[in-house]
Amino acid sequence: MSNIRNVLRFKSGTLLFGGAELPGCLNSCFIYDPRTLEYRARGCDYRRIMELARANGVDLCDEASAFEPVKLNFVQPLIPRPHQDAAYAAWKRNKWRGIVALPTGGGKSFLAAMAIRKLQRSALILVPTIDLLLQWRSLLKKLFGVEIGMLGGGEKRVLPITVSTYDSAVIYMEELGGRFALLICDECHHLPGAVYRTAAEQSIAPYRLGLSATPELDPDPERLMRLYELLGDIIYRVEVAELEGETLAPYMVKSVVLELTGKEKEEYEYHRAVYRDFAVRNRIDFGKDSGWRDFLIAVSRRPDGRRAFLSYLRQRELSRRGAAKLAAVWRILCRHRDERILIFTADNAMAYEIGRTFCFPVITHSTKAVERKSWLDGFREGIYPVLVASRVLNEGVDVPEASIGIVVSGSGSVREHVQRLGRILRGRPGKQAILYELVNSGTAEVYAMKRRRGHSAYRGKTRS
């Protein structure tokens, strides 16, 4: 009998098996790497490997995990809400693995803190934006009264409880993937992307919790399957309507249907006809998943492709803008002059036009971090009663003061509009939230509006 031990090691985001011979029960986990003459597995397969080894009586020496024990309690006694207790119980029943779908303002971050406190294990929290990075670090420090590590925003400080952006995790997980027992992915619908998923694949964390208001709204089934593989299935869900009036503010959605001017309508119909005629002649079906890709390929190859593409852009711009929308924004502002208002647009140009017209601060993807923080702090403090944003505030910003949202333009994405609704739903006494949708009739915006109405958050809440 050989005296060589079976050893599992972590190296560069992967697991290496060392031993006399790979046990048959582990064949499905490892592949032979001829470069190093070793058997190699993904970091995320750690739990499965250890469970298979135990179940089959394989003596496997674990040199991969470097989990630090933690002793954490909340600084002040906090009572979770019933849905948070139920969500944690569902996660525990599923062996501390799975995705919880809670609406924005439903307490996802507190649920994560509950999981950290209950497990008493080192934890890494992944978030998509710098704003969320800072919010999570501040909240966890406040709850636990300890220093919290941070990866991102120019900082690299690794502690037993660390918050990281997805971008930074991709960079550092090869080094840190064996240090955390619990992996928490906020806004986890970002995770299945070709780059971000490597962060979860290279982590050996046996305990995993995904958080999102809309995890299942990805139209790509392969991305969904990848999400479930990396984090587990959706194990608990709460809809917006279930928390309305308690955790979340009561709300309504008002559709404001507008008309293009005669000149705008004439130009819109001309450019729409040009691009639609091009699509018909080239047999492009926008109803198919490949429709947009087929259109881009065609415009790059056909002599009249550039003209068709420019017409597509122009008709989209006309449908999203227009003089009537600026007038409607002014009417709503006057109606809610004493309330905090967020204005959402689909593009920077319209955001800046609104900012210039009404002298409001504007946040876009190009706004510098210092200026962005100044605008948000001023909005929270009431210095600026109105804030304009082009998509960047769809998620990851805590603005409980806002009670009115104006969607000047957007896509047909259900996720985008549920996220925008969520920005105004955080509860406070006496609050009534209203989301206005400005829609130009006779344009593609009407179809986009109809598509997003399928979500339960809109049912019974829409007024025209």
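This text follows the structure it describes.
Residues numbered from 1 in each chain as written. Predicted model: local features only at pLDDT ≥ 70, side-chain atom pairs only at ≥ 80, totals over all residues. Heavy atoms only, no water.

## Things to note about the overall build of the chain
Broken down by element type, the chain carries 16 helices and 20 strands. Computed over C-alpha atoms, the radius of gyration of the chain comes to 25 Å, within 12% of the 23 Å expected from 2.2 N^0.38 for 464 residues, which places it in the range of a compact globule. Overall size of the chain, expressed as C-alpha extent along the three principal axes, is 90 × 60 × 40 Å. The proportion of buried residues among the 464 residues of the chain is 53%. Taking as baseline every contact in the chain between residues at least 6 positions apart, the subset at least 24 positions apart corresponds to 71%. In the structure as shown, the chain presents an accessible area of about 21800 Å², 51% of it carried by carbon and sulfur atoms. Of the side chains in the chain, 71 bear a positive and 53 a negative charge, and the two mean positions are spaced by 2 Å. (Helix = DSSP H or I, 4+ residues; strand = E, 2+ residues; numbered from the N terminus. Rg over C-alpha atoms; globule rule 2.2 N^0.38 Å. Buried < 20%, exposed > 50% of the residue type's maximum accessible area, 1.4 Å probe, protein only. Contact = heavy atoms within 4.5 Å. Areas by Shrake-Rupley, 256 points an atom, 1.4 Å probe, with all protein chains shown as cover. Lys, Arg positive; Asp, Glu negative; His and termini not counted. Charge placed at Lys NZ, Arg CZ, Asp CG, Glu CD.)

## As for helix H14 (residues 369–381)
Counted at 1.5 Å a residue, the expected span for H14 with its 13 residues is 18 Å, and the 18 Å between its end C-alpha atoms agrees. Among the structural elements, helix H4 (130–144), strand S15 (341–345), strand S16 (362–363) and strand S17 (386–390) are those in contact with the buried residues of H14. Positive phi appears at Gly382, one or two residues downstream of H14, with a value of about 90°. (Expected span 1.5 Å × (residues − 1).)

## Thoughts on the nonpolar core
Counting residues in hydrophobic clusters, the biggest one holds 57 residues, and the most contacted among them are Ile116, Ile125, Trp136, Leu140 and Leu182. Per-element accounting of this core gives the leading share, eight residues, to helix H3 (residues 108–119). Not counting residues up to four positions away in its chain, the partners in contact with Ile116 are Leu72, Arg121, Ala123, Ile125, Leu140, Phe144, Ile161, Leu182 and Ile184. Listed in part, the 22 residues of the second largest apolar core include Ala351, Val362, Ile404 and Tyr436. (Core = buried A, V, L, I, M, F, W, Y, C linked by side-chain atoms within 4.5 Å.)

## Overview of the packing of aromatic side chains
Tallied over the entire structure, the rule returns 21 aromatic pairs. Centroid distance Tyr166 to Tyr196: 5.1 Å. Interplanar angle 20°. Geometry classified as stacked. Taken as a pair, Tyr166 in helix H5 (residues 166–176) and Tyr196 in the loop between strand S11 (182–186) and helix H6 (197–201) lie far apart in primary sequence, 30 residues in all. By relative accessible area, Tyr166 is classed as buried at 0%. Taken together, a centroid distance of 6.4 Å and an interplanar angle of 35° make the contact between Phe295 and Phe309 tilted. Of this pair, Phe295 sits in helix H10 (residues 291–301) while Phe309 sits in helix H11 (residues 305–320), and the two are 14 residues apart along the sequence. By way of ring pairs, the aromatic residues Tyr275, Phe278, Phe286, Trp292, Phe295, Phe309 and Tyr312 are connected into one cluster. A cation over a ring is seen here: Arg340 above Phe379, with NZ or CZ 5.9 Å from the ring centre. (Phe/Tyr/Trp six-rings, centres within 6.5 Å; stacked < 30°, edge-to-face > 60°. Lys NZ or Arg CZ within 6 Å of the ring centre and 35° of its normal.)

## A few points about the pattern of salt bridges
In total, this model carries 24 salt bridges according to the counting rule given. Between Arg47 and Glu51 there is a salt bridge whose closest N-O contact spans 3.1 Å. Taken together, the positions of Arg47 and Glu51, both in helix H1 (residues 46–55) and four residues apart, correspond to about one turn of that helix. With a relative accessible area of 38%, Glu51 lands in the partly exposed category. One salt bridge connects Arg179 with Glu68, and the closest N-O pair in it is separated by 3.1 Å. Taken together, the residues span a long stretch of sequence, with Arg179 in the loop between H5 and S11 and Glu68 in the loop between strand S5 (60–62) and helix H2 (82–93) at a distance of 111 residues. (Salt bridge = Lys/Arg side-chain N within 4 Å of Asp/Glu carboxyl O.)

## Things to note about the side chain of Asp347
Structurally, Asp347 can be placed in the loop between S15 and helix H13 (348–358). Among buried charged residues, Asp347 stands out as having no salt bridge; its nearest opposite-charge side chain is Arg320, 4.6 Å away. In contact with Asp347, not counting residues within four places along its chain, are Arg320, Ser390 and Ser409.

## Side note on a nonpolar patch on the surface
A cluster of nonpolar side chains, namely Tyr32, Leu37 and Tyr39, defines an oily patch on the protein surface of about 320 Å² accessible area. Positionally, Tyr39 belongs in strand S4 (residues 38–42). (Patch = residues over 30% accessible without salt bridge, like charges linked within 9 Å, V, L, I, M, F, W, Y side chains within 5 Å.)

## Some thoughts on the sheet that holds strand S2 (residues 14–18)
Pairing is mixed across the open sheet formed by five strands, whose spatial order is S3-S4-S2-S1-S5. In the strand order of this sheet, the two ends are held by strand S3 (31–33) and S5, each with one partner. Averaged over neighbouring strand pairs, the angle between their axes works out to 35° when direction is ignored. Relative to S2, strand S1 (residues 6–11) runs antiparallel, the two sharing five bridges. In the sheet register, Leu8 faces S2, and the bridge partner there is Phe17. Against the sheet, H1 contacts S1, S2, S4 and S5, and its axis sits at roughly 145° relative to S5. (Pairing = 2+ DSSP bridges. Axes fitted to C-alpha atoms, helices over the stretch in contact; angles between N-to-C directions.)

Geometric values such as these leave the question of function open.
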